[in-house]
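This is what each chain is made of:
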Amino acid sequence: MTSRRKFLKTTAAGAAALTLPAWTDVALAQAKLPTRPIPGTDELLPVIGLGNSRVFREGDMAASLGLIRTFHERGGGYIDCMGLSRFVVSEVVKQMNAGRDLFLGTYFMDEEEPVMRENIKRILEITGKSQLDLVHAYPEFAIQNWDMFRRWKDEGLTRHIGISRHNKEYYEDMMSLMETDTVDFIQVNYSPLEREAEERILPMAMDKGIAVNINRPFINGDYFSLVRGHELPEWASEFNAVSWAQLSLKFILSHPAVNCVLTETANPDHLLDNIGGGFGAMPDTETRERIFAHLKSLQ
């Protein structure tokens with residue numbers, strides 16, 4: 001698997017992404033990330049999010065602060081984290097006094113309820129929020145504890161509850177919970193080369209008014225291994241994609257079910273490139289298939 005850092009160092013597209021072309025630079029300087037509505041609410045969510053970054057997991061407060069500050073300045077909103085990362089992000093949010101601006105997706109799993117409640121209390125005290133924004137879990141935990149999550153929502157501990165996974169083998173379990181009409185958010189894997197979610201789960205989310213966050217936009221780096229050494233097609237400029245990363249992000253965002261794509265990076269340059277993927281035109285249906293065919297031809 002090729003790391004994105006290595007990939008960017010060895011491609012012309014990478015160099016372009018790191019310097020940021022004029023249209024992206026202007027967009028980032030003059031505008032905040034575009035937003036999309038959370039179904040059933042008046043709330044808007046920026047289209048590019050930040051996943052459970054390595055610097056969060058390592059407890060690197062300085063790097064976490066720099067990353068989240070850059071994200072926030074460009075209009076980013078959604079940050080997704082679990083485990084000890086929850087408290088690292090909370091401390092950064094406190095330092096930035098950004099509790100009102102940032103939407104935190106927080107995993108709760110594999111702990112007894114009193115421990116989870118104590119951790120919720122701790123996060124709220126640190127961030128200054130009155131409620132968590134989103135509590136979610138893997139379906140294998142959520143199915144067994146969904147009544148508890150619904151109780152937390154009824155009590156006002158969290159505004160939204162959801163389920164998250166990154167593999168098609170979990171889709172049936174996710175959809176079984178979605179059938180209850182009590183799921184606010186799902187998080188699922190989807191990209192030009194992982195399109196299984198198009199078949200049932202994304203249409204179901206649209207039908208039921210469930211917000212959709214996407215993970216694995218670069219297939220954990222395998223995407224960059226595939227495109228390494230290949231020039232970005234010239235026609236990508238038709239929808240303002242200036243890097244391979246933006247090509248994938250724009251494909252994902254062009255699906256009407258998608259609210260936000262989560263990108264997991266510790267590198268501010270990569271973050272800026274990802275944010276650039278939220279601006280400009282998006283591929284139409286015909287162009288989406290062209291992207292898919294082009295990437296398949298590289299395999």
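Residues numbered from 1 in each chain as written. Predicted model: local features only at pLDDT ≥ 70, side-chain atom pairs only at ≥ 80, totals over all residues. Heavy atoms only, no water.

1. Description of the overall build of the chain
Then step 1. The secondary structure content of the chain amounts to 14 helices and ten strands.
Then step 2. Expressed as a percentage of its 299 residues, the buried residues of the chain come to 57%.
Then step 3. When contacts within the chain are restricted to residue pairs at least 6 apart in sequence, those whose partners lie at least 24 apart make up 75%.
Then step 4. When the accessible surface of the chain is totalled, it reaches about 12900 Å², and 47% of it is carbon and sulfur. (Helix = DSSP H or I, 4+ residues; strand = E, 2+ residues; numbered from the N terminus. Buried < 20%, exposed > 50% of the residue type's maximum accessible area, 1.4 Å probe, protein only. Contact = heavy atoms within 4.5 Å. Areas by Shrake-Rupley, 256 points an atom, 1.4 Å probe, with all protein chains shown as cover.)

2. Some words on the environment of Gly 59
Then step 1. Summarising the element assignment, Gly 59 is placed in the loop between helix 4 (54-57) and helix 5 (61-73).
Then step 2. For Gly 59, a relative accessible area of 37% corresponds to the partly exposed category.
Then step 3. A sequence separation of 29 residues divides Gly 59 from Val 88, and the C-alpha atoms of the two residues are 6.1 Å apart.

3. Regarding helix 10 (residues 201-208)
Then step 1. Within helix 10, burial applies to Ile 201, Leu 202, Met 204 and Ala 205. The arc that holds every buried residue of helix 10, seen down its axis, measures 160 degrees, which confines them to one face.
Then step 2. Of the residues flanking the end of helix 10, it is Gly 209, one or two places downstream, whose phi is positive at about 70 degrees. (Arc of directions from axis to C-beta.)

4. Section: the pairing of strand 9 (residues 211-215)
Then step 1. Among the five residues that make up strand 9, five are buried, leaving the element largely enclosed by the rest of the structure.
Then step 2. Side-chain alternation along strand 9 places Ala 211, Asn 213 and Asn 215 on one buried face and Val 212 and Ile 214 on a second face that is also buried.
Then step 3. Relative to strand 9, strand 8 (residues 185-189) runs parallel, the two being bridged by five bridges. Note that in strand 9 the partner of Val 188 across the bridge is Ile 214. (Pairing = 2+ DSSP bridges.)

5. Details of the pattern of salt bridges
Then step 1. Counting across every chain of the model gives 20 salt bridges.
Then step 2. As a salt-bridge pair, Glu 43 and Arg 159 come within 2.7 Å of each other at their nearest N and O atoms. Of this pair, Glu 43 sits in the loop between strand 1 (35-37) and strand 2 (44-46) while Arg 159 sits in strand 7 (residues 158-164), and the two are 116 residues apart along the sequence.
Then step 3. In this structure, Arg 57 and Glu 264 form a salt bridge, with 3.0 Å as the shortest nitrogen-oxygen distance. Pair noted here: Arg 57 is in helix 4 and Glu 264 is in the loop between strand 10 (260-263) and helix 13 (268-276), with a separation of 207 residues, a long-range link.
Then step 4. Exposure remark for Arg 57: the relative accessible area of 45% places this residue in the partly exposed category.
Then step 5. A network of salt bridges, in which partner residues are shared, links Glu 43, Lys 129, Asp 133 and Arg 159. (Salt bridge = Lys/Arg side-chain N within 4 Å of Asp/Glu carboxyl O.)

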